[in-house]
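# Secondary and tertiary structure notes
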Amino acid sequence: MAEGINAESAKCESPPPAYSESAKFITAKYTEKSIKFSVNLLEASRNSIDFLRLVNKHPDLYEAPLINLAVYRYEKFWLPLASKAGPSSAKWVAPLDIQWAWHVHMLAPLYYEKDCREIVGAVVDHELTPLKDYPKALDAARKAWEQEYPEDPFEVALENSGKIAKPPDSFVSKISYDIATASSRQRVFFYQCSLPHYLDKFFLLEAIERYHKYCFLKSHNKNTFLVPCYDFDVVWHAHQAHPLKYKADTERVIGKMLNHDDSVNERNTGSKLMQADALTRQMWQQVFKESFNINGAMFRGDPPSGIHRMSKEQLLKVGFCQTPFKVTHLKLSLGNETLESKKLKVIVSYSNKKLVVGLNAGQSEWSEGDATTSSSSGSNNFVLDTSLVHKLNICLKLPKFLNCVSEMLGEVELDLREITHHNPSCEENNYSTRLFLMKKNSSGSSSTGGADRASGISIQIGIQFQAPVCSSAKFALNAGQYERSDGSGLLSYFKQPTHSCQEHTSIDMDTASNVLLNTWGEVSFRVTTVHSTSLMLSSLLVFDDTSRLLAISHLIGLDTLPTPTQLTVKHPNMRCYLDKAANERALLLKGPHGGDWGILIGGWTGFKQGQRGIPGVPGDRGSKRKGQQGVKGSPGNPGNLYCRFYNLKNYDGASEDIHCVHAVRNEFKFNIPGKDDRDVLEFFARSKDQINSIINQHVFYEPQKVQFCLEVSLEKSVQEADNEKITFYANTSMMLVDVGGLTDDNFYAAVEKLSNSVQNFASYGSGWQITELVKLTIRVAKTYQIPAGASYLQVPELFRDFVVDLLLVGDGTTHHYVLILNLLKLVCRVTNVPYMHTKRVCRQCLHICKSQETHVTHTENCYRSGDVLNIRMVKESQKIMKYKNMSARSYAPFVIYFDMESILEKVHTTSNKCTISSTEVLERHVPASFCVVVVEQDVPRPSFFQIRRGKNAAKQLINLLENLAKEYRLRKRQFKYFTGNAPVSKEAVERCWICEEAFLDSEEKHLDHCHYNNKFLGYAHGTCKSARRVNNFIPVVAHNLQNYDMHHVVRALKDANEKNKFWVLPLNEERFLSLSMGIFIGDSESPPIHDKKDQWEPKGNDDDEEEQQFEEKHKNRGQKRNKNIEVYEYIRFIDSFKFMGSSLETQAQVTWDKPTVVGAAIILDLAKYYMFQFHYTVMKPNFDCELIYSDTDSFLYNIHQSSDVFTDLAVNKAVSSYFDFSNFPRDHQLFDETRKRETLLFKSETGAKRISKFVGLKPKLYSLIIEDDDEKIVAKGTGKRARDRLTCEAYEKTLRNSDVVRASHEKIAAKNHTIETVRVNKVALSAFDNKRYIDCDQITTLPFGHYSLRPGTFELYQQIAADANWGYEENSTSKVDGIHQITLADRDWGYNQSSDNDETDSVVNVFTPLTPVSISVHIVRANWMTTMKLPRTEA
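Let me begin by describing the structure that accompanies this report. No experiment lies behind these values; they were computed from the predicted model shown.

Attention shifts here to the overall build of the protein. Counting its regular elements, the protein contains 29 helices and 56 strands. Buried positions account for 41% of the 1435 residues belonging to the protein. Contacts in the protein between residues at least 24 apart in sequence constitute 66% of all its contacts with a sequence separation of at least 6. Total accessible area computed for the protein in this model is approximately 82200 Å², and 51% of it derives from carbon and sulfur atoms.

Given below as structure tokens:
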């Protein structure tokens, strides 16, 4: 059974009727003595956990081929042997592989009973054996095995899967249960219960009690699918490991043998598991009056994967290893040097150790351990630590005489790091080299020139290295800055610890990239710090220098670890729990090999608030006033951070303390340097993400109070003195930050307060200037915890379920309680929600639920969280979204609509043959008539209507549009000022007609009217009136203008007035997005140019009258005029076809005032990235698949060795998360509508139907035969009618015979803006793909540039293709002989193909994997012969 739903599963919806109707309301009362079992479940549970830990040390047992061999040995040998031995075999211990297969088989009790009776005729019993008794039980089983099967080994190798034998091919298993698949699921189960508290006595006793309760529920709901929790699922597994007792116990308690199904693991919303989980929680709460959740027993994600283990070479490289070595021999060569002394000393030193070797006269060689050689002193046991010192120093000295200093003859340094770099594992442990010593010259300097070496001193040294030993290393941290990101690149790492992110493609995260440097400044590791409030997660990820993940750690909570009250804490080091009362937090560390490494638990302790003292008051003798003695204050204690680490690799239950002391007072402080900033706003804008990350770490469990303190350095100049400097501190008040983090409103309010404080101090402080923002201190104060009461009165059991609702009312000074008779009515009336008796209200947060089911789910979530739900209401001023961009609103009082009709004129042409591609003109479209309608604002009928027929209809349309534009121009100028009477008085108008905002008392109301028809529009603000846009063009609208009428209009414009102007926005030479036309009206003298002071501005009352009086007053001023100018009226052609996708109301409310640009190149690059990522990281690692076709956004795979792909996808959730199964039938196991139409997800093109045949010619040219003999034809560029005539057989024939199939269709096209009806005859099917290299079988293709194609192959391939007439038509009249013979050599094609391309061959199986070694193509022609050899080497 898919055990252990985590806490977030409680958020799922109420179960459907299929589950809720099958559940019965339990009226019986549960007691602890009502259920008893014959197995000691406490001891059995511990033995079961110990056995699982033993299996987990051999991870190959979970997967093939070892599990397949184990199943074979279990069925073939063990079951008959145990059945023959009788009841005594129950206490045997089988070999670990067989014992594991046996254990997995027993976890399906119904299958186990059926299979045992089928194989040996009876159920084979079993008992869990303690680890201490394993050797004795294993020896008993070995003796019986060797007597029964002397030729078969009792145990097999469990470590290397590559050397494991396979079951015989003739073996056919009789076991109906899939043990191999269940084995991999048990790996996930053990990871959930691998933490040490699962062996604790108190924890297991509570789990056993919960297992009894679960069986109690099952006894009253035998056919209902209920979900267990991981704590008592461990007990359930241990119970099943005693098959005969388990059957007797469950039949006695439940009424039948309780089945166990662990194949239900789908955790998506709405799945069977999640629905059953909601039902189980509801029944558990109703029957036992307690929560189903328990600390430390919830789902904690899948086992870690993708974490790499560092090799010994990497450990040595970064300094984690130390290599012992010693000097084995020294050989000195003096060359041409002559020494008077008879004794020499060779000193070999490394770090703080020295080896001194004395050489006598006549002796130039020393060997370790040879007594005949010269003597040595000092230490010869060196330890190479490349993180500290990496050079070995060798010097030659003369011994000192009397009190004289010894003379240095020469010295040299050997770089040991270079030696270990070329041989990191130190497998070649003996190393020898010859070094030339550096001689001292008269000036005191040394030289190693070639002339000195020829006659200088040299020494040969031998070094013996030992195996490296792991040790600690030191690194320098190069911290990075926090940045906000969507987490798309890191999200895959957190799908194991958090199930919530599996349904998301991106989540906001605060990340910082840090670098760890070794002592030489080289990058050893890259550490990424991640904080995410959406996932409630903080994490550290460690990568090596090649970006491979080495370790990961993340926060865990009470769903993973228990509390101290749940455990038997006998030893002070056995403290793997989380004490929430002490605000402890835990960090889980994960390493390679799919397991957890350790848990780091920490908290803050020892904090004590100091008490300020009260100063005394001195007395006064004159007034005889007595003094008062002061009160001494008490010092506080900042406390310290305590940590304890629990090693999960050792199962001995020991943990160690890590004691850390932090010198802070009553709050946590974090300093962010200013980095020479002087602007407060810029500093906070740069540091916002870092500030949020710091705060989010401290509001993880509960709200905290936060304060900002900004330290600012200021300076002012003083005459005849140095500049005066001062430090100013700007503080904010304490802000309460909720668990959701600091909101933007609070953040910007705090920034504004700090900025104002600094500016006020600088402006009112006699010339202070800001020189630097020193730092920002963030104080996070611990909230006060209310202590628990010393005693309480227990409520009588009779009144425990009786709830009384009271309302506290008061006037600020006095308060009293009022009894609430109906809480639901009160809440509905306050929140304006319609009252219904079926609704329920939550007493924790006063949330109204629609039904009893949703109320139960909500109440469980609400009370478990411990905090009142944070419901934020929308402000009254933000309820309505209003349009504020008044400058983009346009007013069109005059719109022209037109439509044109054409007649078809036959074109007589000579029809081409169907053997070549061609385009034949059939008819020419000649404009014959048009209709024009003019519509004005607020006029019920069209103001102008005209239909014309005859020749030159397009030219007549242009002339008519010019006349209408001139008339509009004259009428628009007639009503420059409003001449009528306003229908409403100015005092009665309260809102602006443009922005619809209310007029303030200080604002003037300005009359606005239409300059075209003298219509009164309303009163508006002066700014709104001046900003309102009046169209400077006349809209001319036609339907499908861009594809049809526009061509007629463009051809007619060549005969229009020469002074007219035209503007187009083209898509190409034939299609225009927009066409604007400036119609010449005539010449006019420009108005006089006035000064700025002579320009009119609206001041109120009658605006038009004021403007008219202003112009008459100033008409004689500014007599300077420009020359005559040309006057135009503009029209713009608009295609109404673009507006068909939305309603008229939407078009009236939305105005496109900005262009939108889409980068097609970026989209294609992203598509390639996601396609390659899916192919190489999802499909190839999880399936034995062959890619037989691909396109920009699609793949076609042939998956081998899979009986049911859909079942594999249902089991492998990591792969199925990349798919959208919304088009599958609702009764299908993969159907899921939660990810419908999500981006970056793949969708089956045929739904749940399987593809029986595929024929692919080239991209976007293929055919499919699906189940029920359905065909799908894809032929891009071919008309629908022609495409309907194609069949899958035609595709296959084209592929096999290299034929070319052409099809014709008719369409309307335009050339040089002349619309014509044409018949297009084009290639519909062709096996030739000029974008890829076609192999000799004419099926397999490779991209040009593939590693198997040598240079020059492409040119030769083009010649072959041209000669073979594979779709080329440069010379369509001549016939070129094709390839007469193709011989295939050194290749396994997977099917028979005759050289003469016999039609009787079987259908080509394009799914057959092709594994060519080389290709030999022989091309035989009448006049030449050539052979092309293409060697295919391994990549």
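Inspection of the secondary structure puts Leu808 in strand E29 (residues 805-810). Residues within four places of Leu808 in sequence aside, it is in contact with His815, His816 and Tyr817.

A cis amide bond links Ala64 to the next residue, Pro65, at an omega of 5°. With respect to the element layout, Pro65 can be found in the loop between helix H2 (41-56) and helix H3 (66-85). Residue Leu846 is not a glycine yet carries a positive backbone phi of 60°. Assignment of secondary structure puts Leu846 in the loop between strand E31 (840-841) and strand E32 (848-849).

This part is about the side chain of Lys1005. Examined against the element boundaries, Lys1005 turns out to sit in the loop between helix H19 (953-974) and strand E37 (1006-1009). For the buried Lys1005, no salt bridge is present, and the opposite-charge side chain at shortest range is Glu987, 6.8 Å distant. Within the local environment of Lys1005, its side chain forms a polar contact with the backbone oxygen of Lys986, the two atoms lying 3.0 Å apart. Polar side-chain contacts of Lys1005 include one of 2.6 Å to the backbone oxygen of Val989.

The next point concerns the sheet that holds strand E50 (residues 1270-1275). With antiparallel pairing, 3 strands are arranged side by side in an open sheet as E48-E49-E50. The two strands at the open ends of the sheet, each matched to only one other strand, are strand E48 (1251-1258) and E50. Put simply, the sheet's adjacent strands are angled 5° from each other on average, direction ignored. In this structure, strand E49 (residues 1261-1266) lies alongside E50, joined through 6 bridges in antiparallel fashion. Across the sheet, Leu1264 pairs through a bridge with Lys1272, a residue of E50. Sheet strands touched by helix H28 (residues 1288-1297): E48, E49 and E50. Its angle to E48, the strand with the most contacts, is close to 50°.

To continue, consider the pairing of strand E19 (residues 549-556). The buried fraction of E19 amounts to 7 of the 8 residues, a majority that puts the element mostly inside the structure. Looking at chain direction, strand E18 (residues 537-543) and E19 are connected through 5 bridges and run antiparallel. What sits directly across from Leu541, in E19, is Ile552. A loop of 5 residues connects E18 with E19, the two strands running antiparallel in sequence, and Ser547 in this loop sits at a positive phi of about 65°.

The next subject is the packing of H2 against helix H4 (residues 96-106). Interaxial distance between H2 and H4 falls to 11 Å at its minimum, and their mutual angle equals 125°. With respect to each other, H2 and H4 are oriented oblique. Handedness of the H2/H4 crossing: left-handed. Here H2 contributes Ser48, Phe51, Leu52, Leu54 and Val55 to the contact with H4, which in turn contributes Leu96, Gln99, Trp100 and His103. In the contact of H2 with H4, the residues fall into 6 nonpolar, 3 polar and no charged.

Glancing now at the state of the cysteines. In the structure shown here, the tally under the stated rule is 0 disulfides. The thiol sulfur of Cys1024 is not disulfide-bonded, and the nearest other cysteine sulfur, from Cys995, lies at 3.7 Å. On the accessibility criterion, Cys1024 (10% relative accessible area) is buried.

In terms of burial, helix H9 (residues 230-240) is largely enclosed, as 11 of its 11 residues are buried. What H9 keeps buried is the set Tyr230, Asp231, Phe232, Asp233, Val234, Val235, Trp236, His237, Ala238, His239 and Gln240.

To continue, consider a negative patch on the surface. Where like charges cluster on the molecular surface, the negative patch consists of Asp1268, Asp1269, Glu1271 and Glu1289. Examined against the element boundaries, Glu1271 turns out to sit in strand E50. Note on Glu1271: relative accessible area 43%, which makes it partly exposed.

Bringing the nonpolar core into the picture now. The biggest cluster of nonpolar side chains holds 92 residues, and the ones touching the most others in it are Tyr74, Trp78, Trp100, Trp145, Ile179 and Tyr211. Looking at which element gives the most residues to this core, the answer is H3, with 12 residues. In this view, Trp100 contacts Phe51, Leu52, Val55, Leu61, Tyr62, Ile67, Ser183 and Gln186; residues no more than four positions away in its chain are not counted. Among the nonpolar cores identified, the runner-up in size contains 34 residues, and Phe894, Met900, Tyr1012 and Ala1056 belong to it.

In this section: helix H5 (residues 109-119). Listed in full, the buried residues belonging to H5 are Pro109, Tyr112, Glu113, Asp115 and Cys116. Where the residues of H5 are buried, they touch H3, H4, H9 and helix H10 (243-253). Once H5 ends, the next one or two residues include Gly121, with phi positive near 90°.

Time to look at the pattern of salt bridges. Scanning the entire structure with this criterion turns up 29 salt bridges. Of the charged contacts, one joins Arg924 and Glu905 as a salt bridge, the two residues approaching to 3.8 Å between their closest N and O atoms. Here Arg924 is found in strand E35 (residues 918-936), whereas its partner Glu905 is found in strand E34 (residues 894-906), with 19 residues between them in sequence. A relative accessible area of 40% means that Glu905 is categorised as partly exposed. Residue Arg1226 pairs with Glu1233 through a salt bridge whose shortest N-O separation is 3.0 Å. A relative accessible area of 62% means that Arg1226 is categorised as exposed.

Reading guide: rules and limits
- Residues numbered from 1 in each chain as written.
- Predicted model: local features only at pLDDT ≥ 70, side-chain atom pairs only at ≥ 80, totals over all residues.
- Heavy atoms only, no water.
- Helix = DSSP H or I, 4+ residues; strand = E, 2+ residues; numbered from the N terminus.
- Buried < 20%, exposed > 50% of the residue type's maximum accessible area, 1.4 Å probe, protein only.
- Contact = heavy atoms within 4.5 Å.
- Areas by Shrake-Rupley, 256 points an atom, 1.4 Å probe, with all protein chains shown as cover.
- Lys, Arg positive; Asp, Glu negative; His and termini not counted.
- Salt bridge = Lys/Arg side-chain N within 4 Å of Asp/Glu carboxyl O.
- Polar contact = N/O pair within 3.5 Å; in protein donor to acceptor, adjacent residues only side chain to side chain.
- Pairing = 2+ DSSP bridges.
- Axes fitted to C-alpha atoms, helices over the stretch in contact; angles between N-to-C directions.
- Parallel < 35°, antiparallel > 145°, perpendicular 65-115°, else oblique.
- Left-handed = near helix turned anticlockwise from the far one by under 90°.
- Nonpolar A, V, L, I, M, F, W, Y, C, P; charged D, E, K, R; others polar.
- Disulfide = S-S within 2.5 Å.
- Patch = residues over 30% accessible without salt bridge, like charges linked within 9 Å, V, L, I, M, F, W, Y side chains within 5 Å.
- Charge placed at Lys NZ, Arg CZ, Asp CG, Glu CD.
- Core = buried A, V, L, I, M, F, W, Y, C linked by side-chain atoms within 4.5 Å.

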